[in-house]
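Report on the structure
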Amino acid sequence: MSEAIDENKDGQACNLDYLLVNLGRNRAAAERLIRIFLENYPQLVARLERAAADHDILAMQDAAHDIRSSCVLFSAHQTVALARELEYMLYCHRRDGVQVDWLSRSGRLRDSLSRVRAELLNYLGEGSGAVTP
């Protein structure tokens with residue numbers, strides 16, 4: 001039985017081979033998309049952290065949505081799932097007033113996003129232990 005191409009292997013945060021396949025093995029295009037993500041990473045994390053600290057539900061929903069949308073590109077399934085989970089919890093909070101420790105909950109997403117960032121830097125040869133698929 002063959003493995004699905006979009007499944008992350010060996011505990012990796014991303015499946016960049018899937019990205020390359022979708023781009024027709026165009027490594028330059030993949031690198032441009034990765035660099036755009038990396039350029040936006042600090043603002044994305046800051047938005048999430050600020051919204052969580054301020055208990056700004058709408059801003060947190062926007063940040064989680066943007067994180068999910070960005071990470072889908074790189075098949076970062078764990079980060080996408082955490083963003084989706086946070087979005088759902090925010091929805092429930094808005095609907096039912098469910099109380100959540102937003103700093104803790106958003107911290108899990110931030111940590112996962114940090115692993116995505118590290119893996120993307122490694123892919124570009126800019127992180128420790130650079131590896132190219």
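From a predicted model like this one, the values you see are computed outputs, not experimental measurements.

Let's talk about the overall build of the protein chain
- Broken down by element type, the protein chain carries 5 helices and 0 strands.
- Starting at the N terminus, the α and β elements of the protein chain follow one another as α-α-α-α-α.
- In the protein chain, the proportion of contacts linking residues at least 24 apart, taken out of those at least 6 apart, comes to 60%.
- Entry remark: accessible area of the protein chain is about 7600 Å², with carbon and sulfur atoms responsible for 49%.

Notes on the side chain of E119
- Structurally, E119 can be placed in helix α5 (residues 102–123).
- Among buried Asp, Glu, Lys and Arg side chains, E119 stands out as unpaired, with R115 the closest opposite charge at 7.9 Å.
- With near-sequence residues (within four places) excluded, E119 lies in contact with Q12, A13 and C14.

A few points about the side chain of T79
- Within the fold, T79 resides in helix α4 (residues 77–96).
- When its relative accessible area of 2% is taken as the criterion, T79 is described as buried.
- Contact partners of T79, with chain neighbours within four places excluded, come to I67, C71, L109, S112, L113 and V116.

Some points on the pattern of salt bridges
- Evaluation of the coordinates by the stated rule reveals 10 salt bridges.
- For D17, the salt bridge identified is with R25, shortest N-O distance 2.5 Å.
- Ionic pairing is found between R105 and E85, a salt bridge with its closest N-O pair at 2.5 Å. Within this pair, whereas R105 is found in helix α5, its partner E85 is found in helix α4, the two being separated by 20 residues in sequence.
- By relative accessible area, which is 32% here, E85 ends up partly exposed.
- Residues participating in the shared-partner salt-bridge network are E49, R110 and D111.

Description of the nonpolar core
- Counting residues in hydrophobic clusters, the biggest one holds 38 residues, and the most contacted among them are F37, W102 and L120.
- Breaking this core down by element, the ones donating at least two residues are α1 (16–22), α2 (27–54), α3 (57–72), α4 and α5.
- Examining the composition of this core, we find that 10 residues originate from one element, α2, more than from any other.
- Ignoring anything within four residues of it in the chain, the contact list for F37 reads S70, C71, F74, L113, V116, R117 and L120.

Some details on the confidence of the model for the protein chain
- Per-residue confidence for the protein chain gives a mean pLDDT of 87, with 87% of residues at or over 70.
- In the model of the protein chain, α4 stands out as the element of lowest mean pLDDT, 92, in contrast to α2, which has the highest, 96.
- Here residues 1–7 scores under 50 on pLDDT; set against residues more than four positions off or in separate chains, the count is 12 contacts.
- Predicted confidence for residues 129–133 stays below pLDDT 50, and this span has 8 contacts to residues more than four positions away or in other chains.

A look at the environment of A13
- Mapped onto the elements, A13 comes out in the segment before α1.
- Note on A13: relative accessible area 16%, which makes it buried.
- In the structure, A13 is positioned 100 residues away from L113 in sequence and 8.7 Å away in space, judged by C-alpha atoms.

Conventions used here
- Residues numbered from 1 in each chain as written.
- Predicted model: local features only at pLDDT ≥ 70, side-chain atom pairs only at ≥ 80, totals over all residues.
- Heavy atoms only, no water.
- Helix = DSSP H or I, 4+ residues; strand = E, 2+ residues; numbered from the N terminus.
- Contact = heavy atoms within 4.5 Å.
- Areas by Shrake-Rupley, 256 points an atom, 1.4 Å probe, with all protein chains shown as cover.
- Buried < 20%, exposed > 50% of the residue type's maximum accessible area, 1.4 Å probe, protein only.
- Lys, Arg positive; Asp, Glu negative; His and termini not counted.
- Salt bridge = Lys/Arg side-chain N within 4 Å of Asp/Glu carboxyl O.
- Core = buried A, V, L, I, M, F, W, Y, C linked by side-chain atoms within 4.5 Å.
- pLDDT = per-residue confidence, 0-100.

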